[in-house]
Amino acid sequence: MRPWRLLGWVAVIAVAGFCLYHVRTVALSIVIGLFLTALLLPPARWLRSRGLNRALSTAIVFVCGILLAAALVALLVPPTADGVTQLRSSVGKALGGLHDLAVRLGLSNQQFITRAKEYLSSQGRQIANGALAGVRTVGEIVVGAVLAVILSVYFVHGGDRLFRWLVSLAPVAARARLAGAGTLAFWVIGRYIRGVAIVGLVDAFFIGMTLWILGVPIALPLAVLTFVGAFLPMVGAFLAGLLAAMVAFVAKGWLVALIVVAVTVAVHQIEGHVLAPQIYGKALDLPGAVIIVAIAVGSLVAGVAGAFLAAPAASLLVNLRRASLTPPPVRG
């Protein structure tokens with residue numbers, strides 16, 4: 001009977017995955033709402049322990065979160081605009097160098113322009129389709145973000161009540177197991193998202209300070225990108241560091257770019273061997289190869305969103321499996 005049960009579970013997972021794919025915007029909004037809840041619920045609980053009711057504590061936490069996001073945007077826009085202006089001349093010099101290289105290889109100016117026009121004309125339809133797909137994607141992102149924020153408000157205010165109601169819909173024999181699995185899942189998500197945020201802040205601080213000291217343009221936006229890259233373990237750090245090195249090379253030359261690469265490697269080595277194990281604990285206790293494979297599979301299945309969710313999903317599955325073998329103590 002065991003092989004048939006295994007096939008049955010595979011079929012259930014396949015059907016669930018098929019359904020989730022067709023409602024991926026809503027499903028992703030729910031997941032992001034849970035992530036936001038994991039970040040905002042601890043301060044809301046702290047306010048409730050000081051005597052505030054659910055509505056007031058939830059309102060204070062979300063108003064502070066919105067003000068912090070607005071301040072971050074206001075802090076990022078001016079240096080980004082100034083940095084882009086500084087980069088224009090550097091990019092022009094880099095393009096001029098590529099043009100000179102093409103001329104030395106025997107490609108004349110007229111041939112260079114002709115081939116560029118031929119490439120753009122041949123790729124015109126794909127560019128137009130990509131632009132339309134981009135507009136649709138932006139619309140989905142806006143709708144999903146608004147839905148995620150609304151859901152996180154409900155989850156912070158009364159997520160425990162909603163969870164108890166959902167558990168009460170299950171058969172009586174399965175309620176205890178579902179309650180334990182849900183508690184463990186939220187603990188893993190909370191530990192993961194808070195750990196990623198702390199690690200990302202440390203990486204962004206040191207790399208951003210390095211870029212600022214070296215006079216690299218758009219240092220602050222690159223630091224924020226480093227913070228965002230922390231939510232894509234291993235791969236995101238590499239991509240953010242590569243982009244910072246490219247900007248440093250274009251703006252300041254190869255020596256500064258090498259310094260940026262060296263500092264980035266040093267920061268991530270300290271993070272990977274000292275900081276991350278202490279912060280994540282068992283929440284992301286996975287080998288690096290497993291994380292890379294999970295991110296690759298997630299990106300193939302659901303694109304960028306799947307890549308971001310792959311590591312916590314894999315960690316959640318591993319922790320649920322461990323719990324089924326040796327039930328852990330209930331975590332608050």
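Everything numeric in this text was worked out from a predicted model, so none of it was measured.

Basis of the calculations
Residues numbered from 1 in each chain as written. Predicted model: local features only at pLDDT ≥ 70, side-chain atom pairs only at ≥ 80, totals over all residues. Heavy atoms only, no water. Helix = DSSP H or I, 4+ residues; strand = E, 2+ residues; numbered from the N terminus. Buried < 20%, exposed > 50% of the residue type's maximum accessible area, 1.4 Å probe, protein only. Contact = heavy atoms within 4.5 Å. Areas by Shrake-Rupley, 256 points an atom, 1.4 Å probe, with all protein chains shown as cover. Core = buried A, V, L, I, M, F, W, Y, C linked by side-chain atoms within 4.5 Å. Axes fitted to C-alpha atoms, helices over the stretch in contact; angles between N-to-C directions. Parallel < 35°, antiparallel > 145°, perpendicular 65-115°, else oblique. Left-handed = near helix turned anticlockwise from the far one by under 90°. Nonpolar A, V, L, I, M, F, W, Y, C, P; charged D, E, K, R; others polar. UniProt positions renumbered as here; feature names shortened; annotations may be inferred. Patch = residues over 30% accessible without salt bridge, like charges linked within 9 Å, V, L, I, M, F, W, Y side chains within 5 Å. Salt bridge = Lys/Arg side-chain N within 4 Å of Asp/Glu carboxyl O. Expected span 1.5 Å × (residues − 1). Bend = angle between axes of the 7 residues up to and from the residue. Polar contact = N/O pair within 3.5 Å; in protein donor to acceptor, adjacent residues only side chain to side chain.

### Observations concerning the overall build of the protein
Phase 1: Looking only at helices and strands, the protein features ten helices and zero strands.
Phase 2: Each helix (α) and strand (β) of the protein, taken in turn from the N terminus, gives the series α-α-α-α-α-α-α-α-α-α.
Phase 3: In the protein, buried positions account for 29% of the 332 residues.
Phase 4: Across the protein, contacts joining residues at least 24 apart in sequence account for 72% of those joining residues at least 6 apart.
Phase 5: Of the roughly 21100 Å² of accessible surface on the protein, 75% is carried by carbon and sulfur atoms.

### Let's talk about the nonpolar core
Phase 1: Ranked by size, the top nonpolar core spans 16 residues in total, and within it Ile-193, Val-196 and Ile-295 carry the most contacts.
Phase 2: Elements that contribute at least two residues to this core include exactly α2 (24-49), α6 (172-213) and α10 (288-325).
Phase 3: It is α10 that provides the largest number of residues to this core, a total of seven residues.
Phase 4: Listed in part, the 13 residues of the second largest apolar core include Val-216, Ile-218, Val-256 and Val-260.

### Remarks on the packing of α6 against helix α7 (residues 219-229)
Phase 1: In contact at an axis separation of 8 Å, α6 and α7 are set at 155° when each is read in the N-to-C sense. It follows that α6 is roughly antiparallel to α7 by the angle criterion. The handedness of the crossing between α6 and α7 comes out as right-handed. Taken together, the residues of α7 that come into contact with α6 (itself represented by Ala-197, Gly-200, Leu-201, Asp-203, Ala-204, Ile-207, Gly-208, Leu-211 and Trp-212) are Ala-219, Leu-222, Ala-223, Thr-226 and Phe-227.
Phase 2: When the residues that make up the contact of α6 with α7 are grouped by side-chain class, the tally is ten nonpolar, three polar and one charged.

### A few points about the UniProt feature "transmembrane region" (unreviewed entry) in the protein
Phase 1: Annotation from UniProt places "transmembrane region" (unreviewed entry) at residues 6-23, 59-78, 133-156, 162-189, 196-214, 220-246, 253-270 and 290-318.
Phase 2: For residues 196-214, the end-to-end C-alpha separation is 27 Å, with 95% helix and 0% strand making up the annotated structure.
Phase 3: Summarising residues 253-270: 94% helix, 0% strand, and an end-to-end C-alpha distance of 26 Å.

### Quick look at a nonpolar patch on the surface
Phase 1: Where nonpolar side chains cluster on the molecular surface, the patch consists of Leu-225, Val-228, Phe-238, Leu-239, Leu-242, Leu-243 and Met-246 and spans about 610 Å² of accessible area.
Phase 2: Secondary structure elements with two or more residues in the nonpolar patch: α7 and α8 (235-252).
Phase 3: The element that contributes the greatest number of residues to the nonpolar patch is α8, accounting for five residues.
Phase 4: Mapped onto the elements of the fold, Val-228 is located in helix α7.

### Comments concerning α2
Phase 1: Here α2 spans 36 Å end to end across 26 residues, near enough to the 38 Å set by a 1.5 Å rise per residue.
Phase 2: Taking the largest bend as the criterion, α2 deviates by roughly 40°, centred on Leu-40, and proline Pro-42 comes between one and four positions later.
Phase 3: Every buried residue belonging to α2 is among Ala-27, Ser-29, Gly-33, Phe-35, Thr-37, Ala-38, Leu-40, Leu-41, Ala-44 and Leu-47, and all of these are buried.
Phase 4: Where α2 terminates, the next one or two residues include Gly-51, which has phi positive at roughly 105°.

### A short note on the packing of α2 against α6
Phase 1: With their axes 9 Å apart at the nearest point, α2 and α6 run at an angle of 80° to one another. Here α6 runs roughly perpendicular to α2, going by the angle between their axes. On α6, the residues that touch Leu-34, Phe-35, Thr-37, Ala-38, Leu-39, Leu-41 and Pro-42 of α2 are Phe-186, Ile-189, Gly-190, Ile-193 and Arg-194.
Phase 2: Looking at side-chain class alone, the contact of α2 with α6 contains nine nonpolar, two polar and one charged residues.

### Observations concerning the pattern of salt bridges
Phase 1: Considering all chains together, one arrives at one salt bridge under this definition.
Phase 2: Between Asp-160 and Arg-54 there is a salt bridge; the shortest N-O distance is 2.8 Å. Pair noted here: Asp-160 is in helix α5 (residues 124-168) and Arg-54 is in helix α3 (residues 54-104), with a separation of 106 residues, a long-range link.
Phase 3: Judged by relative accessible area, which is 33%, Asp-160 ranks as partly exposed.
Phase 4: Given a relative accessible area of 21%, Arg-54 falls into the partly exposed group.

### What about the side chain of Thr-226?
Phase 1: Within the fold, Thr-226 resides in helix α7.
Phase 2: Accessibility expressed as a relative area gives 5% for Thr-226, which makes it buried.
Phase 3: Of note is the side chain of Thr-226, whose polar atom sits 2.9 Å from the backbone oxygen of Leu-222.
Phase 4: If we skip the residues at most four places from it in the chain, Thr-226 touches Asp-203, Ala-204, Ile-207 and Ala-240.

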